[in-house]
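Overview (structure and organization)
Listed below are the residues making up each chain.
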Protein chains: 2
Amino acid sequence: MTARTHKCGEVLEGLIGQRVRLKGWVKKRRDLGQVIFVDLRDRSGFVQIVFNGEKEPETFQAGEKVRNEYVIEVEGEVLERDAQNVNDKIETGKVEVMVDDVKILNAAKGLPFVIEDTVDVSEDVRLKYRYLDLRRPKMQETMDLRHKTTKFIRDYLDEETFMEIETPMLTKSTPEGARDYLVPSRVHHGQFYALPQSPQLFKQLLMVSGFERYYQVARCFRDEDLRADRQPEFTQVDIEASFMEKEDLLTMMEDMMTKLVEKVKGAKVEKPFARLTYDEAMNRYGSDKPDTRYGMELTDVSGIVKNSGFKVFASTVEKGGVVKGISLKGAADQYSRKDLDGLGSFVEVYGAKGLAWLKVEEGEELKGPIAKFFSDEEKASVIEAFEAEAGDVLFFVADKIRVAWDSLGALRQKFAREHDLIDHSKYNFLWVTEFPLLGYDEEEDRYVAEHHPFTRPVAEDEEKLESEPQNVRAEAYDLVLNGYELGGGSQRIYERKLQEKMFSALGFSDEEAKSQFGFLLDAFEYGTPPHGGIALGLDRLVMILAGRSNLRDTIAFPKTASASCLLTKAPSEVSSAQLEELNLNVLPKKKTEEGE
Amino acid sequence: MTARTHKCGEVLEGLIGQRVRLKGWVKKRRDLGQVIFVDLRDRSGFVQIVFNGEKEPETFQAGEKVRNEYVIEVEGEVLERDAQNVNDKIETGKVEVMVDDVKILNAAKGLPFVIEDTVDVSEDVRLKYRYLDLRRPKMQETMDLRHKTTKFIRDYLDEETFMEIETPMLTKSTPEGARDYLVPSRVHHGQFYALPQSPQLFKQLLMVSGFERYYQVARCFRDEDLRADRQPEFTQVDIEASFMEKEDLLTMMEDMMTKLVEKVKGAKVEKPFARLTYDEAMNRYGSDKPDTRYGMELTDVSGIVKNSGFKVFASTVEKGGVVKGISLKGAADQYSRKDLDGLGSFVEVYGAKGLAWLKVEEGEELKGPIAKFFSDEEKASVIEAFEAEAGDVLFFVADKIRVAWDSLGALRQKFAREHDLIDHSKYNFLWVTEFPLLGYDEEEDRYVAEHHPFTRPVAEDEEKLESEPQNVRAEAYDLVLNGYELGGGSQRIYERKLQEKMFSALGFSDEEAKSQFGFLLDAFEYGTPPHGGIALGLDRLVMILAGRSNLRDTIAFPKTASASCLLTKAPSEVSSAQLEELNLNVLPKKKTEEGE
């Protein structure tokens, strides 16, 4: 073999009259009898090459054999195309290569699908033949975007004197957080490593070590039931800094993200990013990761309807609940009464008992089954609260505040999608702050950390950690982009005593705290600096930047929803010798309850 | 908290007269009664700060409380030191900071060892308190060197249009190669993932996908019994390229390595690197990763001694063995007869039955117990073969060639270390090529791949794959630096038929090959380009560049020889609920044979 002189995408007008040697894949082949046109593709693009039976009979014979996706090497002269054959849509469209030497490097049999962006096979087929799926231009671009994004972030953090340090993958299982993937030890009988859910503990220890500024593009693992936007293994940009004010960290992140978007998408993003407290975000958008590319904010009408004749509303407010609503502008004539009643089942998923609605008519009139329960004054106040106009539809949920947030937040997103209210050219970053530190877990009957047990409480709330844990706010900040949680960060606890208080608030006994996190508590006694940090989900960031809606499209070899790799067929059975070495025995399959 | 104005290492003469705010650790504290001197350290270095009881009595009281490794924040004016107090050994030695405000950010109790480069505790204590061990300047420098090395490699490969693509960590267990770490699946009963030993299969699939140039700084795993230079998880710089000639790849690697060494060590390395075939390397140095920073090459005297009166030599040659030796220059008077005889036990480890020796004396005379068996002519020829001079000692092993290589290769290294023959300023890179493709595994009674089963045979040897597999050379190349194997690469098989032949040479049935590697064989039929690549051991590279001799010193949180983390105590027992979810049962501990 001899090296190529050019890449396919580099064969432009400047090369007319020159000889080139190219290597690549047959993208398309048109056989016109004595002339065969082939689009030859490599990573850089493609160019038309020509086999001419009259001029180059020997080469032509070889050319006749090639089929789609064959890998070939060709030599020939770059010619200018006839005016009528120029293709303005592609950069190489003014030229073609007259082939006078060809070598078939490898053949290809018929493909399970065509290598084009629009592919009409199921995702399962794409995943089984992932190596072909990845040939599609869109997949190549997404992988390139992922590479460029990661490279940019590394360059940026390096410039800011952050040091990339690798932390272990074979580490210790801890009971907090999601379910661990376990790795049996062959050497230590009955013992297991866990794959990291994040490098959290190690990055904090690196702060104890005095590295001051650490980052890592780190693989993390969670053995959870998967949704479309979850993968068992995922990549996070993990950042931690000592002696860095929270404000300085947020400012740096804003600078990094705006420069990234400019670099890889050529788009301008305003700084500083908007900030919302958790309460504000929930009250206004019904979400702690609101998409602010459109309005349709939640409006609280509890005060207006609390004495109304509509008992459902009045009694909800009386019992301490809320009545909140959203307004869908100008859509009244798109929804029949039946359509509107049908939306009730959508909010039921979020725990709401029902969805009330009112159409706004000319003359500040409200129409709908519940309209009759309201006084004129109440109607006017509702219209004013929503700044409603004729043609709008108002939707209400009366319930506990959490249910009102969740159901209206979801409805808001649904309407935005269905009514095309989203400006897809926008990158709306925002910070959500002052999250609750703890949430009550009904199932476990104890408080659990909303972020993780190492998050610092807001200083003025610290004393409430024992007395009213539900009201302690966290020094935490989530970075949100276009309705996705891009990442979360916080200032950390760095004092042994406060960390012990935190574990105690989570229901750990002293002994449990020591056996699980003793090394961290110990470390805190040897001169631990104040520190904080953030972790960004790289897969999700790339997904948004690439304009995709599926995390799997941003990962070269992803897993399915059941955590399988359809290409390699992992997981798979292993030999009994392997299990024996690990001192393990697979228990018989339990009959499921339905099966019994 | 307020941000620091400077880092400790930045407080230089230019700042005299200015106010600074610093944060860091108390490195050292000298209490002189009314004045306390503290060396304040952060990642950038350290500077002397002064608490003066007369000038700043309030601050002084706080200063009296601080102890070693406390984390403090101070403010004060930068003063010029008195001439007699200037410390020329450190960059900040001309100044000191007169503290007028101090805040203790965190206390530190007595440390298990002092934070200094020379530390007099066992490695186990260092590993248990790794977060303190990493505070030592040498460890900080090594981590920094590791970061810079990785960053340089990424920048270089990015510049060469290589794209970093992440491959899965949860993948499929394959029987070839080292032992896999397994990860039980919770969802798929009785099935397991394996952690990757390398991204080999995925990077080849990425070539099938047309990415053409891929790299990844990839974590890899091997569940093997550990030696000082092995870790259960390690990091490799993984590179693969399509349509790239082997020569172009080697040239690029040479360019990358020389630029790296220049960048991080400021040292010049000559290009192109030396090349040795495997046979040459073994015959001349008794090693396939020879350290060429010193001579002492192996000399073959089989032809000279084959008819000698020394039966051991003569009969070895007659039976097809060899007699090889090395010459230790000018060391004759450092070794007594007893010393020399004692070296026999050293080579026994490598399978040698004995080590013969001869001292060279004035007048081309040889002395030693076996001298009498040789004729004058034979003696003269031996002296000529070694270019020996009076005072040299010659050592001989007569055995099968493999044994002679191994034992003399090891002896050569031992002498070089003991006699200080190694020029530690040198970076001697070299390529070893033409490795045997297959080696015979006595235990398994079959051929196994010397590199891996995807390595391409040298074209002219391909036809011997079935008839004389032991004589097939591989299109493989190892990069060696100062006696360490830095990495290995090869051109790959890209044709289904040849890959099937290879599996068959390894003793796989068609069915086994298909069930384990079917997806790769299938992929080869859809237009696979010629490709090849290399993988470099990052930990080892950093170890050599940092001038360390222990891999653990290059890894932030390493494992011990029994694959334990002494800091977090991983691996550890997990709850029965976790095991139940995985459908696993730990078998009772087997009694060891000695225990029975």
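Where an unreviewed UniProt entry is consulted, chain A appears under the name Aspartate--tRNA ligase, with the organism given as Alteribacter lacisalsi. The UniProt entry for chain A carries the following text under Function (unreviewed entry): "Catalyzes the attachment of L-aspartate to tRNA(Asp) in a two-step reaction: L-aspartate is first activated by ATP to form Asp-AMP and then transferred to the acceptor end of tRNA(Asp)."

Interface size, as often reported, equals the accessible area lost upon joining of the parts. One can read the domain layout of chain A as domain 1 (8-106), domain 2 (117-243 + 529-584) and domain 3 (294-422). Inter-centroid distance (C-alpha atoms) of domain 1 of chain A to domain 2 of chain A is 41 Å.

Residues and elements named next belong to chain A. What the rule picks out here adds up to 52 aromatic pairs over all chains. The interplanar angle of 55° and the centroid separation of 5.7 Å between the aromatic rings of F313 and F396 together place this pair among those described as tilted. On the criterion of sequence distance, the pair formed by F313 in helix α9 (residues 311-318) and F396 in strand β16 (residues 393-399) is long-range, its members being 83 residues apart. Each member of the pair, F313 together with F396, is buried. When the centroid spacing of 6.2 Å and the interplanar angle of 75° are considered together, the rings of Y335 and F415 count as edge-to-face. With a gap of 80 residues between them, Y335 in the loop between β13 (322-328) and α10 (337-342) and F415 in helix α13 (residues 401-418) connect regions that are remote in the sequence. On the basis of relative accessibility, which here comes to 0%, the residue F415 falls in the buried class.

Attention now moves to helix α12 (residues 376-386) of chain A. All names here are of chain A. Within α12, burial applies to E378, K379, V382, I383 and F386. Taken down its axis, α12 places every buried residue within 135° of arc, on the same side. Summarising the geometry of α12, the exposed residues directed more than 90 degrees from the buried face are D376, E377 and E384. In this fold, the buried residues of α12 make contact with β12 (299-300), α8 (302-305), β13, β15 (365-367) and β16. Looking one or two residues beyond α12, the residue adopting positive phi is E387, at roughly 50°.

Listed as interface residues are 127 residues of chain A and, on the opposing side, 126 residues of chain B. Summed over both partners, the interface of chain A with chain B buries about 11500 Å², with 57% contributed by carbon and sulfur atoms. One can count 20 salt bridges joining chain A with chain B. In this structure, the salt-bridge partner of E525 of chain A is K109 of chain B, at a minimum N-O distance of 3.2 Å. Joining chain A to chain B, the criterion identifies 75 residue pairs in polar contact (both at pLDDT 80 or more). Among the elements that take part in the side of chain A that touches chain B, helix α4 (residues 137-159) of chain A stands out by supplying 9 residues, more than any other. Looking at the side of chain A that touches chain B, its residues break down into 59 nonpolar, 29 polar and 39 charged. As paired strands, strand β23 (residues 584-586) of chain A and strand β23 (residues 584-586) of chain B are joined by 3 bridges and run antiparallel to one another. Paired with N585 of chain A across the two strands is N585 of chain B, which belongs to β23 of chain B.

Residues and elements named next belong to chain A. One open sheet accounts for 5 strands, arranged β12-β13-β16-β14-β15; its pairing is antiparallel. A single partner strand is all that each edge strand has here, and the edge strands are β12 and β15. Relative to β13, β12 runs antiparallel, the two sharing 2 bridges. Within β13, the residue paired with D300 across the bridge is K324.

The next point concerns the UniProt feature "binding site: L-aspartate" (unreviewed entry) in chain A. Residues and elements named next belong to chain A. When the UniProt feature table is mapped to this numbering, "binding site: L-aspartate" (unreviewed entry) covers E176, R222, H451 and R492. Within the secondary structure, H451 is located in the loop between β19 (446-449) and α14 (464-467). Dropping the residues within four chain positions of it, H451 is found in contact with F435, A476 and D478. At 3.0 Å, the side chain of H451 forms a polar contact with the side chain of D478. Assessed through its relative accessible area of 2%, R492 is described here as buried. Those residues within four positions of R492 in sequence are excluded, and the remaining contacts are Q200, K203, Q204, I239, E240, H452, F454, R456, H531, G532, G533 and I534. Reaching out from R492, the side chain makes a polar contact with the side chain of H452 at a distance of 3.4 Å.

This part takes up helix α16 (residues 510-523) of chain A. An α-helix turns once every 3.6 residues. As a result, residues three or four positions apart point the same way. Between its first and last C-alpha, α16 of chain A extends only 16 Å over 14 residues, short of the 20 Å set by a 1.5 Å rise per residue. Maximum bend of α16 of chain A: about 90°, positioned at F517 of chain A. Every buried residue of α16 of chain A is accounted for by A513, Q516, F517, G518, F519, L520, L521 and A523 of chain A. Buried positions along α16 of chain A lie against α5 (200-208) and α15 (496-505) of chain A together with α3 (130-133) of chain B.

Each value, and the rule that gives it
Residues numbered from 1 in each chain as written. Chains lettered and ligands numbered in written order. Predicted model: local features only at pLDDT ≥ 70, side-chain atom pairs only at ≥ 80, totals over all residues. Heavy atoms only, no water. UniProt positions renumbered as here; feature names shortened; annotations may be inferred. Domains from an automatic or database assignment. Phe/Tyr/Trp six-rings, centres within 6.5 Å; stacked < 30°, edge-to-face > 60°. Helix = DSSP H or I, 4+ residues; strand = E, 2+ residues; numbered from the N terminus. Buried < 20%, exposed > 50% of the residue type's maximum accessible area, 1.4 Å probe, protein only. Arc of directions from axis to C-beta. Contact = heavy atoms within 4.5 Å. Buried area = accessible area lost by both parts, 1.4 Å probe. Salt bridge = Lys/Arg side-chain N within 4 Å of Asp/Glu carboxyl O. Polar contact = N/O pair within 3.5 Å; in protein donor to acceptor, adjacent residues only side chain to side chain. Nonpolar A, V, L, I, M, F, W, Y, C, P; charged D, E, K, R; others polar. Pairing = 2+ DSSP bridges. Expected span 1.5 Å × (residues − 1). Bend = angle between axes of the 7 residues up to and from the residue.

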